[in-house]
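# Summary of structural features
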Amino acid sequence: MQLFYNTSLNESTESFSFDKEESKHIIKVLRKQDGDILYVTNGLGFLFETKITLASDNKCTVEILSFTKKEPSKFHLHLAVAPTKMNDRYEWFLEKATEIGIQEITPIICDRSERKVVNMDRFEKIILSAMKQSNELYLPKLNPAISFKEFVAQENKGLTLIAHCEETDKKTLKSVLDPSQDITMLIGPEGDFSEKEINLALENKFQPVSLGNTRLRTETAAIVACHSIVFFNEL
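Please read all numbers here as calculations on a predicted model, not as lab measurements.

Quick look at the overall build of the protein chain now. Along its length, the protein chain carries 7 helices and 13 strands. Expressed along its principal axes, the backbone C-alpha trace of the protein chain runs to roughly 65 × 35 × 30 Å. A burial count over the protein chain gives 46% of its 235 residues as buried. The contacts of the protein chain with a sequence gap of at least 6 include a subset with a gap of at least 24, amounting to 73%.

Right, dumping it as structure tokens:
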């Protein structure tokens, strides 16, 4: 199934038109014609079955035949991950985490962050593309970048965790998880969190956890955490 996206769709929508760019892709590249079936999501769990009524490469119009809604996950996973020095590594994380099944992502700017500015528009496009490619019906929420200090001080959902590399008393990730539990986890930059940041997180009730016996890159640690939590909840 090839999946398309339109954020404006809801249960009462009867027909709609794709924008010019998407219309051109559908008609010129995919060579769709009047009467062909397209599947569309609004990123909120709905899958719409539609039929092309006007195969125009300027304004491809479809009518909605039926729709279903996928139940949301029983847990909410929010990863707050420091931007990596090389953009492509963070973009890889965004793509793979979306495919795996993350619900929310926040870039956090830390003391040792080598990159403090991110391209949110590009990040959103990568997440959207990954959602469509993997036939996922829920679009992960991407929050604006925020400082580490601001993030840990705000009200965060569920179990709050921090994964760092310091040799301190840490529990394994698996040992602190419960099924259907909301989780917010911090993943630091290449140089890890500073001692000051770790202490600040602990003061704000974040539990330190280990992701294994090896030292992981930022994007690898984020994917390990994402997959471990999703896999745990699917057992």
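Before going further, it helps to examine unusual backbone geometry. The phi dihedral of Asn-135 falls on the positive side, at around 55 degrees, and the residue is not glycine. The topology assignment puts Asn-135 in the loop between helix H3 (120–133) and strand E8 (141–142). Here the phi dihedral of Ser-180 falls at roughly 60 degrees; this positive angle occurs in a residue that is not glycine. With respect to the helices, strands and loops of the structure, Ser-180 is situated in the loop between helix H5 (173–176) and strand E12 (183–187).

Where helix H2 (residues 87–100) meets H3, the closest approach of the two axes is 8 Å, and the angle between their N-to-C directions is 35 degrees. Judged by the sense of rotation from one axis to the other, the crossing of H2 with H3 is right-handed. On H3, the residues touching Asn-87, Tyr-90, Glu-91, Leu-94, Glu-95, Thr-98 and Glu-99 of H2 are Arg-122, Phe-123, Ile-126, Ile-127, Ala-130, Met-131 and Gln-133. Residue classes in the contact of H2 with H3 are distributed as 7 nonpolar, 3 polar and 4 charged.

Read across the open sheet, the 5 strands follow the order E1-E3-E4-E5-E2; overall the sheet is mixed. Each edge of the open sheet carries a strand with a single partner, namely strand E1 (3–5) and strand E2 (15–17). Across this sheet, the average inter-strand angle for adjacent strands is 45 degrees, counted without regard to direction. As paired strands, E1 and strand E3 (residues 37–41) are joined by 3 bridges and run parallel to one another. Each residue of the ladder has a partner; that of Phe-4, found in E3, is Val-40. H3 rests against E1 and E3 of the sheet, and its axis sits at about 145 degrees to E1.

Quick look at H2 now. The terminal C-alpha atoms of H2 lie 20 Å apart, and with 14 residues this matches the ideal 20 Å at 1.5 Å per residue to within 8%. Listing the buried residues of H2 in full gives Tyr-90, Glu-91, Phe-93, Leu-94, Ala-97 and Thr-98. Along the axis of H2, the buried positions cluster into a sector of 155 degrees, meaning they face one direction only. Contact partners of the buried residues in H2: strand E6 (77–81), strand E7 (104–109), H3 and helix H7 (218–234). Backbone geometry just downstream of H2 places Gly-101 in the positive-phi region, at approximately 130 degrees.

Conventions and cut-offs
Residues numbered from 1 in each chain as written. Predicted model: local features only at pLDDT ≥ 70, side-chain atom pairs only at ≥ 80, totals over all residues. Heavy atoms only, no water. Helix = DSSP H or I, 4+ residues; strand = E, 2+ residues; numbered from the N terminus. Buried < 20%, exposed > 50% of the residue type's maximum accessible area, 1.4 Å probe, protein only. Contact = heavy atoms within 4.5 Å. Axes fitted to C-alpha atoms, helices over the stretch in contact; angles between N-to-C directions. Left-handed = near helix turned anticlockwise from the far one by under 90°. Nonpolar A, V, L, I, M, F, W, Y, C, P; charged D, E, K, R; others polar. Pairing = 2+ DSSP bridges. Expected span 1.5 Å × (residues − 1). Arc of directions from axis to C-beta.

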